[in-house]
Amino acid sequence: MAAAEPGAAPAGGGCAPAGGGSVPVLFCFSVFARPSSVPHGAGYELLIQKFLSLYGDQIDMHRKFVVQLFAEEWSQYIDLPKGFLVNERCKVRLVPLQIQITTLGNLTPSSTVFFCCDMQERFRPAIKYFGDIISVGQRLLQGARLLGIPVIVTEQYPKGLGSTVQEIDLTGAKLVLPKTKFSMVLPEVEAALAEIPGVRSIVLFGVETHVCIQQTALELIGRGLEVHIVADATSSRSMMDRMFALERLARTGITVTTSEAILLQLVADKEHPKFKEIQNLIKASAPESGLLSKV
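None of these values were measured; they are calculated from a predicted model.

## Details of the overall build of the protein chain
Okay, so step 1: In terms of helices and strands, the protein chain carries 8 helices and 13 strands.
Okay, so step 2: Looking at the protein chain residue by residue over its 295 residues, the buried ones come to 44%.
Okay, so step 3: Partitioning the contacts of the protein chain with sequence separation of at least 6, the portion at a separation of at least 24 is 74%.
Okay, so step 4: Carbon together with sulfur atoms contributes 54% to the accessible area of the protein chain, which is approximately 14300 Å² in total.

Structure follows, in structure tokens:
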């Protein structure tokens with residue numbers, strides 16, 4: 001969660017003296033109010049941690065928040081005074097601001113993981129532009145190997161739908177996992193992510209855009225991760241389903257982008273030691289499928 005810095009308002013009342021090692025505090029969020037306690041002298045950061053422990057499953061991680069203190073002298077909440085320390089019983093609340101955070105969408109290899117979703121043989125005759133998204137997906141995985149980016153791959157019910165297509169080389173993938181759930185966010189995937197320090201961004205591609213891709217993306221942003229969907233490497237049986245899924249996801253703050261933009265953003269500089277190899281990947285395979293005209 002990105003919380004706003006406490007304001008510079010003067011300290012307010014709303015507290016009665018209390019001693020001992022901890023101080024009773026009433027924590028309010030939305031329609032909820034839960035009594036708890038914090039160590040005597042606790043400041044802003046400890047209050048935030050307590051709010052997360054009490055209401056973490058209800059807090060939208062993509063919002064900014066302000067912490068407010070109930071002031072008896074004003075009979076209302078005021079922004080938490082700068083340098084505020086809890087030394088007596090009080091009531092605080094966490095208030096979501098209406099403006100959502102706009103993420104910069106920057107990518108670095110050290111904080112990025114690639115998700116390849118259900119690029120399987122049985123989908124070949126049904127998915128629009130399937131050959132093209134295979135080509136782009138393979139290019140992305142080659143780029144991931146060059147840049148040392150972990151890759152997580154899922155296969156939807158492979159017993160019935162087959163394995164990942166032969167054209168896609170899964171050499172070096174961190175995890176290749178069968179699933180029946182539409183979303184890729186499985187316990188094994190979450191465990192794999194937890195093993196990678198500093199993960200911030202997920203690059204997501206595969207099929208189908210309006211089902212597995214969409215549900216995966218929504219679960220990932222719900223866990224505070226930034227998601228980049230590769231438009232020229234994801235498709236559906238229906239172009240209408242694909243188009244409306246991408247539009248919906250873009251409105252939620254997910255970045256809808258292209259494979260070339262992803263790879264060049266990851267190298268960032270012509271002087272990057274892998275720039276030439278990435279450039280050659282881009283030059284070697286860039287299908288003109290019409291997919292990007294249907295975003």
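Once you've had a look at it, read on.
## A look at the pairing of strand β12 (residues 226-235)
Okay, so step 1: β12 sits mainly inside the fold: 10 of its 10 residues count as buried.
Okay, so step 2: The parallel pair strand β11 (residues 201-207) and β12 is bridged by helix α5 (residues 209-222), and the resulting crossover is right-handed.
Okay, so step 3: Handedness of the crossover joining β12 and strand β13 (residues 255-257) through helix α6 (residues 239-251) is recorded here as right-handed.

## Considerations on helix α7 (residues 259-267)
Okay, so step 1: Residues of α7 that are buried: Ser 259, Ile 262, Leu 263, Leu 266 and Val 267. One face of α7 carries all of its buried residues, which in axial projection span an arc of 125°.
Okay, so step 2: Packing partners of the buried residues in α7 comprise β8 (112-117), α2 (130-147), β11, β12, β13 and α8 (275-284).
Okay, so step 3: Of the residues flanking the end of α7, it is Ala 268, one or two places downstream, whose phi is positive at about 70°.

## Let's talk about the pairing of strand β3 (residues 22-29)
Okay, so step 1: Sheet analysis places β3 next to strand β4 (residues 32-39), joined by 8 bridges and oriented antiparallel. Across the sheet, residue Ser 22 finds its bridge partner in β4, namely Pro 39.
Okay, so step 2: Where β3 folds back onto β4 in an antiparallel hairpin, the turn is made up of 2 residues, including Ser 30, whose phi is positive at roughly 55°.

## A short note on the sheet that holds β13
Okay, so step 1: A sheet is described by the order of its strands in space; here 6 strands give the open sequence β10-β9-β8-β11-β12-β13, paired in parallel fashion. At either margin of the open sheet sits one strand with a lone partner, and together these are β10 (175-179) and β13. Going from strand to strand, the sheet's axes swing by 20° on average, the running direction of each strand aside.
Okay, so step 2: Pairing of β8 with β11, which is carried by 6 bridges, proceeds in the parallel orientation. Looking across to β11, one finds that Phe 115 is bridged to Leu 204.
Okay, so step 3: Across the sheet, α6 is in contact with β12 and β13; its angle to β12 comes to roughly 165°.
Okay, so step 4: Across the face of the sheet, α7 comes into contact with β8, β11, β12 and β13 while running at roughly 135° to β12.

## Overview of the environment of Met 184
Okay, so step 1: In this fold, Met 184 is placed in the loop between β10 and α4 (187-194).
Okay, so step 2: For the pair Met 184 and Cys 117, spaced 67 residues apart in sequence, the C-alpha to C-alpha distance is 7.2 Å.
Okay, so step 3: In contact with Met 184, not counting residues within four places along its chain, are Phe 115, Cys 116, Cys 117, Ile 152, Val 153, Thr 154, Lys 179, Val 189, Leu 204 and Thr 216.

## Re the nonpolar core
Okay, so step 1: In terms of nonpolar packing, the biggest core is built from 32 residues, with Phe 114, Phe 130, Leu 140, Phe 205 and Ile 262 touching the most fellow members.
Okay, so step 2: Those elements that provide at least two residues to this core are β8, α2, β9 (151-156), β11, β12, α7 and α8.
Okay, so step 3: With 8 residues, the top contributor of residues to this core is α2.
Okay, so step 4: In terms of nonpolar packing, the next biggest core, distinct from the first, is built from 28 residues, Leu 186, Ala 192, Ile 202 and Leu 225 among them.

Rules used in this analysis
- Residues numbered from 1 in each chain as written.
- Predicted model: local features only at pLDDT ≥ 70, side-chain atom pairs only at ≥ 80, totals over all residues.
- Heavy atoms only, no water.
- Helix = DSSP H or I, 4+ residues; strand = E, 2+ residues; numbered from the N terminus.
- Buried < 20%, exposed > 50% of the residue type's maximum accessible area, 1.4 Å probe, protein only.
- Contact = heavy atoms within 4.5 Å.
- Areas by Shrake-Rupley, 256 points an atom, 1.4 Å probe, with all protein chains shown as cover.
- Right-handed = clockwise from strand over helix to strand, strands pointing away.
- Arc of directions from axis to C-beta.
- Pairing = 2+ DSSP bridges.
- Axes fitted to C-alpha atoms, helices over the stretch in contact; angles between N-to-C directions.
- Core = buried A, V, L, I, M, F, W, Y, C linked by side-chain atoms within 4.5 Å.

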